Amino acid sequence: QVQLVESGGGLVQAGGSLKLSCTASGSIGDINAIGWYRQAPGKQRVLVAVITSDNHTDYADSVKGRFTISRDNAKNTVYLHMNSLKPEDTSVYYCNADHGYGSSRRGYWGQGTQVTVSS
């Protein structure tokens, strides 16, 4: 099992920055990738950024050039650096761990952290 704890959300003005953290514990050796997702009220949860175990990264088009995903293996933590924030970035942000292989592969979710961008 894997436990994920997000932190770093808050209220920020448009154009501002925030850094989200996702700290993993448990059976972290079999994590294939960690992704940041967001879900706005009444909308589906969507992938924002992902980083794989070999440090490949990918981003949603809506955040390319503004958000950066990174990792600190010593702290078992993945970060989402969010710059030039827009009101439409307002969502609950969740991290997800893609864990395991074959029939044992599954995803684990954190509890989410609210990001609110005011105009």
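Quick note: structure is the one above.
This one's a predicted model, so the numbers in the text were calculated from it and none came from an experiment.

1. Regarding the sheet that holds strand 7 (residues 67-72)
In step 1: The antiparallel open sheet is built from four strands, whose spatial order is 1-3-8-7. Either end of the sheet is taken by a strand with one partner, and the two such strands are strand 1 (2-7) and strand 7. Taking each pair of neighbouring strands and ignoring which way they run, the sheet shows an average axis angle of 20°.
In step 2: Across six bridges, strand 7 lies against strand 8 (residues 77-82) in antiparallel orientation. Its bridge partner being in strand 8, D72 is matched across the sheet by T77.

2. Some details on the pairing of strand 9 (residues 91-99)
In step 1: Where burial is concerned, most of strand 9 is hidden: eight out of the nine residues are buried.
In step 2: By the bridge criterion, eight bridges tie strand 4 (residues 31-39) to strand 9 in an arrangement that is antiparallel. For W36, the partnering residue across the bridge sits in strand 9 and is C95.
In step 3: Pairing analysis gives three bridges linking strand 9 to strand 11 (residues 113-118), with the strands arranged antiparallel. Residue V92 lies in a different strand from strand 11, and its bridge partner there is Q114.
In step 4: The turn joining strand 9 and strand 10 (residues 106-109), which pair antiparallel and follow one another in sequence, is formed by six residues; a positive phi near 85° is taken by G100.

3. Here's the deal with the pattern of salt bridges
In step 1: For the structure shown, the criterion picks out four salt bridges.
In step 2: The closest approach of N and O atoms between D89 and R38, which form a salt bridge, is 2.9 Å. Residue D89 is found in the loop between strand 8 and strand 9, and its partner R38 is found in strand 4; the two are separated by 51 residues along the sequence.
In step 3: Judged by relative accessible area, R38 falls into the buried class, the value being 11%.
In step 4: Between K64 and D61 there is a salt bridge, with its nearest N and O atoms 3.2 Å apart.
In step 5: Shared partners join several salt bridges into a network, and the residues in it are R38, R66 and D89.

4. Side note on the state of the cysteines
In step 1: The full count for this structure, using the stated rule, is one disulfide.
In step 2: Paired through a disulfide, C22 and C95 show a sulfur-sulfur distance of 2.1 Å. The S-S bond linking C22 to C95 shows a torsion near 65°; that makes this disulfide right-handed. Within this pair, whereas C22 is found in strand 3 (residues 18-26), its partner C95 is found in strand 9, the two being separated by 73 residues in sequence. Pair check on accessibility: C22 and C95 agree, each one buried.

Rules and cut-offs
- Residues numbered from 1 in each chain as written.
- Predicted model: local features only at pLDDT ≥ 70, side-chain atom pairs only at ≥ 80, totals over all residues.
- Heavy atoms only, no water.
- Pairing = 2+ DSSP bridges.
- Helix = DSSP H or I, 4+ residues; strand = E, 2+ residues; numbered from the N terminus.
- Axes fitted to C-alpha atoms, helices over the stretch in contact; angles between N-to-C directions.
- Buried < 20%, exposed > 50% of the residue type's maximum accessible area, 1.4 Å probe, protein only.
- Salt bridge = Lys/Arg side-chain N within 4 Å of Asp/Glu carboxyl O.
- Disulfide = S-S within 2.5 Å.

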